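Geometric and topological summary
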Amino acid sequence: MTGEVIKVYYTANTNTKYYVEHYKQNILDNGYTIFDTEELEGTTDTVTEIEPKVLEGFTAKEIQQGYIDGTGTTIIFVYYDRNVYSLTYKIDGVVDEEPEEYRFEESIAPRRNPEKVGYRFSGWSEVPETMPAENVTVTAQWTINQYTISFVDTGDNAIEAITQDYASDVTAPADPVK
């Protein structure tokens, strides 16, 4: 049987296993941490067609597709960068300094307390503990100072005191009777 040609035909497996590992960018550095693994099947020696997950606050980086190895050991890595959002502080309707930038889910430390003559700072309007998946604007909240004004006539008789808000018009009490 010399000189015979034997033809062998192979059909690629259509159920070859391969894996996809999903990684989220860390909050405080540029490293990544795995958060999900998928086991999928495809046809041996074909290119993967992985689509990224839709994750609030993240943007998927370009996926490096690969060939599905017949041994079932192919791993495709998908990386998701955290989006960066702005936190803007307003005092009396005016932006105070440059907005601060935070990565999605990063802890927020509220800015220093501002000062305003005649008012006591009572807090920022709803500063989130961690950065949400949107830009945030917070506003300084104020409580007006009140002052008690006491009057004494020339005979050292007390006249009823009045309490007034800062910078409000003061109406003098009626003249005392002798």
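Here, the structure is the one placed above.
Notes on the structure in this doc start here. (Residues numbered from 1 in each chain as written. Predicted model: local features only at pLDDT ≥ 70, side-chain atom pairs only at ≥ 80, totals over all residues. Heavy atoms only, no water.)

1. Regarding the sheet that holds strand E3 (residues 58-60)
As a reminder of what qualifies: At least two bridges found by DSSP between two strands is the condition for calling them paired. The secondary structure listing takes helices from DSSP runs of H or I that are at least 4 residues long and strands from runs of E that are at least 2 residues long, numbered from the N terminus. Every axis corresponds to a line fitted to the C-alpha atoms, with the helix fit spanning only the stretch in contact, and the corresponding angles, defined between N-to-C directions, vary from 0 to 180 degrees.
Taken in spatial order, the four strands make up an open sheet running E2-E1-E4-E3, and their pairing is mixed. Two strands close off the open sheet at either side, each with one partner strand: strand E2 (32-42) and E3. Within the sheet, the average angular offset between the axes of one strand and its neighbour, ignoring direction, is 25°. Relative to strand E4 (residues 75-82), strand E1 (residues 16-25) is paired through six bridges, and the arrangement is parallel. By the bridge assignment for E4, Tyr19 is matched with Ile75.

2. Brief notes about the packing of aromatic side chains
Worth spelling out the cut-off: Between 30 and 60 degrees the pair is tilted, below 30 it is stacked and above 60 it is edge-to-face, where a pair is any two Phe, Tyr or Trp rings, Trp via its six-membered ring, whose centres lie within 6.5 Å. Here's how the labels work: a residue is buried when its accessible area is under 20% of the maximum for its type, exposed when over 50%, partly exposed in between, all with a 1.4 Å probe on protein chains only.
One pass over the full model with this rule turns up nine aromatic pairs. Pairing Tyr32 with Tyr79 gives two aromatic rings, centres 5.0 Å apart and planes at 70°, and the pair type is edge-to-face. Residue Tyr32 is located in strand E2, and its partner Tyr79 is located in strand E4; the two are separated by 47 residues in the primary sequence. An angle of 70° between the planes, with centres 4.7 Å apart, marks the rings of Tyr89 and Trp124 as edge-to-face. Placement of the pair is Tyr89 in strand E5 (residues 84-91) and Trp124 in strand E8 (residues 119-124), with a sequence separation of 35 residues. Taking the relative accessible area as the measure of exposure, Tyr89 reaches 1% and is therefore buried. Of the residues examined, Trp124 reaches a relative accessible area of 12% and is grouped as buried.

3. A look at the environment of Phe121
What counts is decided by this rule: By definition in these notes, contact holds between two residues if any of their heavy atoms fall within 4.5 Å.
For Phe121, the location among the structural elements is in strand E8. Along the backbone, Phe121 and Thr11 are 110 residues apart, and their C-alpha atoms lie at a distance of 75 Å. Every residue in contact with Phe121, bar those within four places of it in the chain, is listed here: Asn113, Pro114, Ala140, Gln141 and Trp142.

4. Regarding a nonpolar patch on the surface
Selection criterion: Patch membership is restricted to residues that have no salt bridge and whose relative accessible area is over 30%. Joining uses 9 Å for like charges and 5 Å for the nonpolar side chains Val, Leu, Ile, Met, Phe, Trp and Tyr. Where accessible areas are quoted, they stem from the Shrake-Rupley method and a 1.4 Å probe; at the residue level, only the protein chains shown are allowed to cover. One speaks of a salt bridge when a side-chain nitrogen belonging to Lys or Arg is within 4 Å of a carboxyl oxygen belonging to Asp or Glu.
Residues Val117, Ile144, Tyr147 and Tyr166 make up a contiguous nonpolar surface patch of roughly 360 Å² in combined accessible area. Looking at the secondary structure, you find Val117 in the loop between strand E7 (100-103) and E8. A relative accessible area of 66% places Val117 in the exposed class.

5. Looking at the nonpolar core
Rule in force here: Working definition of a nonpolar core: buried Ala, Val, Leu, Ile, Met, Phe, Trp, Tyr and Cys residues. They are joined through side-chain atoms within 4.5 Å.
Counting 24 residues, the largest nonpolar core has Ile50, Leu87 and Trp124 as the members making the most contacts within it. Contact partners of Leu87, with chain neighbours within four places excluded, come to Pro99, Glu100, Tyr102, Ile108, Met131, Val136 and Val138.

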